[in-house]
Amino acid sequence: MFQDNPLLAQLKQQMQENLPKKEGTIKATEKGFGFLEVDSKTSIFIPPPYMKKCMHGDKVRAIIRTEKDREVAEPEALLEQGVNRFIGRVKWFKGKLNVHPDLPQLKKLSLKARVATGLKRDDFKEGDWVVAHLIKHPLSDDNGFLAEISNKITDADDKIAPWWVTLAQNDLPNTEPLGVENWQIEDDVDLERVDMTHVPFVTIDGASTKDMDDALYAKEMDDGSYELTVAIADPTAYIAPESDMDKVARERGFTIYLPGRNIPMLPRELADGLCSLLEGELRPALCCSVRIKPDGELEDKVTFFAATVKSHARLVYEYVSDWLENGQSDDWQPNEDVASVVRALYDCAQARVQWRETNAVVFPDRPDYRFELSEDNDVVAIHADVRRSANRLVEECMITANICAGKVLKSSFDSGVFNTHSGFKHDKLSEVIELIHNEGGAQQFTVDGIATLEGFSQIRRWLAKQETGYLDHRIRKYQAYSEIGNQPLPHFAMGLDLYATWTSPIRKYGDMVNHRMLKAHILGKEPIQVADSHLGDELALHRKHHKTAERSVADWLYVRTLADEPAKGTIFNGEIFDVSRAGLRIRILENGASVFIPSALILANKERLKCHSDQGSVSIDDKTIYRVGDVIKVVLTDVNQETRSIIAKPLEVFAEVEKPE
């Protein structure tokens, strides 16, 4: 009888008004409770009953009170909803439609749901993947949570779900763009194309590649230098700025590369057909020629020109690598002209690598992990593809061409689409020096020195020579992120003054913009399109979403593939790449999977075992046992299909380590 008493309700309201209140963000846990994150140092416990009125990510105002000698937060007002659009799975409960969000912190949450206008409620089956929007929230509406299903992604048991769900999750397209009925050359009428069809250009790609966007030619000169010519497919010959097709390309930003499939930025009839540098076919191209000295240094003179080219040979990475490394290939034998070009390209690339190793920064070789799929989208195998001679050859030619573009765009327009990197975060320079000196590193490095391009390059070259990857892993955390912008700034991570990509216009919109600006340079005119200040931010956001999608699909495929490994007890080699208070993150070297090792599976004694995230190490009884960069043997203990997570433990478990007296 007290529950409807207005006097008691008024008293309760007055008491709440007198209690302190704080604003913060909700951090949910899988166990039902949560925390109000007020700031980076203040976190207040939220009991499970109070969590039923909020979601992970919500910004709320909460009443702070003491319960059972513990400060707790009770959310009372919603300031900003943390979840709006989300991906979920249909759940029927006693004939009522519900949806389970496919979010790590919300997987146990079941939301009442309805379908959007135009959809039929009965068309949705148990477990179907859907797009939904949260339209009612308990802190704003006393009726609780309510979601509206706006779209069905795919059926519950569809094996292609990892791709379709991930693309929907990141709001990315799942088909190629529509083309036009008749493609026409849209180039500037004054742009004369040089006939280069007699030059024996070759393409070197994967066996299944269709969108071949670069063809290469090199010859050795009498003085021991090399003349390198790079021909790049020219989609801007067919696509005018601000045309419908151009707008679609900008909206997409890049071709989306996911394990086992890709979603092209341009229509396949253009990317795989009219623009692809197919063997024996005449194609419009944008070309760059540069002389390379015997020691690998680039000469100052760089020539860009439009041309008509014809690939004289469609070569495959694997076969060319066999021929270069072993003197022969069982699958390919070049004629004399092609052999001469490939050998000159290889020698030219080797000279460039040696120059960059001495004067810039060369990234260490790491395998690329590739999923082999069956026709019905099951994982047949995971291949660790090591970068071989032909891969490095092509990569070095592309880097050289992009350096040349950066120089020309700066000198002609002081603008373009540049890939930049500012080195170490300015406020971390002292910590970098302190870390190096504490680890017995070279004393010649100084704060002022490593703030420069040359100093940063020196420290990266020094790190590459260390016996372990410990310092490299630690120092990478102090580096800034790479950026895309319209200002000609250095790329510290590559050790280069300037870097502007133009070698993948079929796959990157920024490269299309640079093509148009390079054509303006050729004509001596003002560009018909320039890189505006917003383009870099757009492209960076696209790139972020694409990388997230790629990792998400890979995680999904890994749990599918490794589901039986805990029972088998298979031993894997894993490289530690991160240490947190909760444990270790490692990458399995055999297949590239990212797995987590909880600290309790190293040693179930929190007093003796310490995970030092700031030092990138783990110790038992103050003795370091693991550091980032270490390679350890592990076995998998749990592969969770629902959360798409993998748990492992070290093969050498420390549970039986005797406690010192």
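Just so it is clear, the model here is predicted, and its values are computed rather than measured.

Asker: What am I meant to see in the overall build of the protein here?
Answerer: For the protein, the count of helices and strands is 15 helices and 30 strands. Computed over its C-alpha atoms, the radius of gyration of the protein comes to 29 Å, within 12% of the 26 Å expected for a compact globule of 661 residues. Excluding contacts between residues fewer than 6 apart, the proportion of contacts in the protein whose partners are at least 24 apart in sequence is 66%. Summing over all exposed atoms, the protein offers an accessible surface of approximately 33,500 Å²; the carbon and sulfur share of this is 47%.

Asker: Would you mind going over the packing of helix α4 (residues 244–252) against helix α13 (residues 509–523) with me for this structure?
Answerer: Geometry of a packed helix pair, given as the angle between the helix axes and the separation of the axes. For the pair α4 and α13, the least separation of the axes is 8 Å and the interaxial angle reads 130°. As judged from the angle between their axes, α4 and α13 are oblique. Residues Asp246, Ala249 and Arg250 of α4 pack against Tyr509, Met512 and Arg516 of α13. Of the residues that constitute the contact of α4 with α13, the class distribution is three nonpolar, no polar and three charged.

Asker: Looking at this model, I keep getting lost on the sheet that holds strand β26 (residues 609–612). Mind explaining?
Answerer: Hydrogen bonding along the main chain pairs the strands of a sheet, whether they run parallel or antiparallel. If you trace the three strands from one edge of the open sheet to the other, you get β26-β27-β28, paired in antiparallel fashion. With partners counted over all chains shown, the strands left at the sheet margins are β26 and β28 (623–627), one partner each. Between one strand and the next, the sheet's axes are offset by a mean angle of 25°, whatever the strand orientation. Relative to strand β27 (residues 617–620), β26 runs antiparallel, the two being bridged by four bridges. What sits directly across from histidine 612, in β27, is serine 617.

Asker: Looking at this model, I keep getting lost on the pairing of strand β8 (residues 111–115). Mind explaining?
Answerer: A regular strand carries its side chains on alternate faces of the sheet. Burial of β8 is one-sided: the residues Leu111, Ala113 and Val115 facing one way are buried, the residues Lys112 and Arg114 facing the other way are not. Sheet analysis places strand β7 (residues 96–101) next to β8, joined by two bridges and oriented antiparallel. Considered in β8, the bridge of asparagine 98 is made with lysine 112.

Asker: Teacher, can you tell me more about the environment of aspartate 448 here?
Answerer: Of note, aspartate 448 is situated in helix α10 (residues 447–450). Between the alpha carbons of aspartate 448 and glutamate 565 there is a distance of 50 Å; along the sequence they are 117 residues apart.

Asker: Is there a simple way to explain the sheet that holds strand β6 (residues 85–93) in this structure?
Answerer: Read around the closed barrel, five strands run β6-β7-β8-β10-β9, paired in mixed fashion. Neighbour to neighbour, the strand axes of the sheet diverge by 55° on average, direction disregarded. Inspection of the sheet shows strand β9 (residues 129–136) paired to strand β10 (residues 146–154) by seven bridges, in the antiparallel sense. Directly across from histidine 133, in β10, lies its bridge partner glutamate 148.

Asker: Whenever I open this one, the nonpolar core confuses me. Can you help?
Answerer: Proteins that are soluble and globular tend to have nonpolar side chains buried together. If you look at the biggest cluster of nonpolar residues, it comprises 86 residues, and the most contacted ones within it are Leu228, Phe304, Val309, Leu315, Leu345, Leu393 and Trp502. Looking at this core element by element, the count peaks at twelve residues for helix α8 (residues 389–413). Residues within four places of leucine 315 in sequence aside, it is in contact with Val202, Thr203, Ile204, Asp205, Val320, Trp332, Val338 and Val342. In terms of nonpolar packing, the next biggest core, distinct from the first, is built from 58 residues, Leu429, Ile459, Tyr470 and Val639 among them.

Asker: Looking at this structure, how should I read the packing of aromatic side chains?
Answerer: Two measures describe an aromatic ring pair: the distance that separates the ring centres and the angle between the ring planes. Going through the model one piece at a time under the given rule, you end up with eleven aromatic pairs. Summarising the aromatic geometry, the rings of phenylalanine 304 and tryptophan 502 are spaced 5.2 Å apart at their centres and angled 65° between planes, so their arrangement reads as edge-to-face. In this pair, phenylalanine 304 is assigned in strand β18 (residues 298–316) and tryptophan 502 in the loop between β22 (483–485) and α13, connecting sequence segments 198 residues apart. Taken as a pair, phenylalanine 304 and tryptophan 502 share a single burial class, namely buried. Site record: aromatic cluster; members linked through ring pairs are Phe33, Phe35 and Phe45. Here arginine 261 stacks its cationic end above the ring of tryptophan 163, 4.5 Å away from the centre of that ring.

Asker: Teacher, can you tell me more about α4 here?
Answerer: The α-helix winds at 3.6 residues per turn, so residues separated by three or four positions along the chain end up facing the same way. Restricting attention to buried positions, one finds in α4 the residues Met245, Asp246, Ala249, Arg250 and Arg252. Down the axis of α4, the smallest arc covering the buried residues is 165°, so these residues share one side. In α4, the exposed residues that point more than 90 degrees away from the buried face are Asp244 and Glu251.

Calculation rules
Residues numbered from 1 in each chain as written. Predicted model: local features only at pLDDT ≥ 70, side-chain atom pairs only at ≥ 80, totals over all residues. Heavy atoms only, no water. Helix = DSSP H or I, 4+ residues; strand = E, 2+ residues; numbered from the N terminus. Rg over C-alpha atoms; globule rule 2.2 N^0.38 Å. Contact = heavy atoms within 4.5 Å. Areas by Shrake-Rupley, 256 points an atom, 1.4 Å probe, with all protein chains shown as cover. Axes fitted to C-alpha atoms, helices over the stretch in contact; angles between N-to-C directions. Parallel < 35°, antiparallel > 145°, perpendicular 65-115°, else oblique. Nonpolar A, V, L, I, M, F, W, Y, C, P; charged D, E, K, R; others polar. Pairing = 2+ DSSP bridges. Buried < 20%, exposed > 50% of the residue type's maximum accessible area, 1.4 Å probe, protein only. Core = buried A, V, L, I, M, F, W, Y, C linked by side-chain atoms within 4.5 Å. Phe/Tyr/Trp six-rings, centres within 6.5 Å; stacked < 30°, edge-to-face > 60°. Lys NZ or Arg CZ within 6 Å of the ring centre and 35° of its normal. Arc of directions from axis to C-beta.

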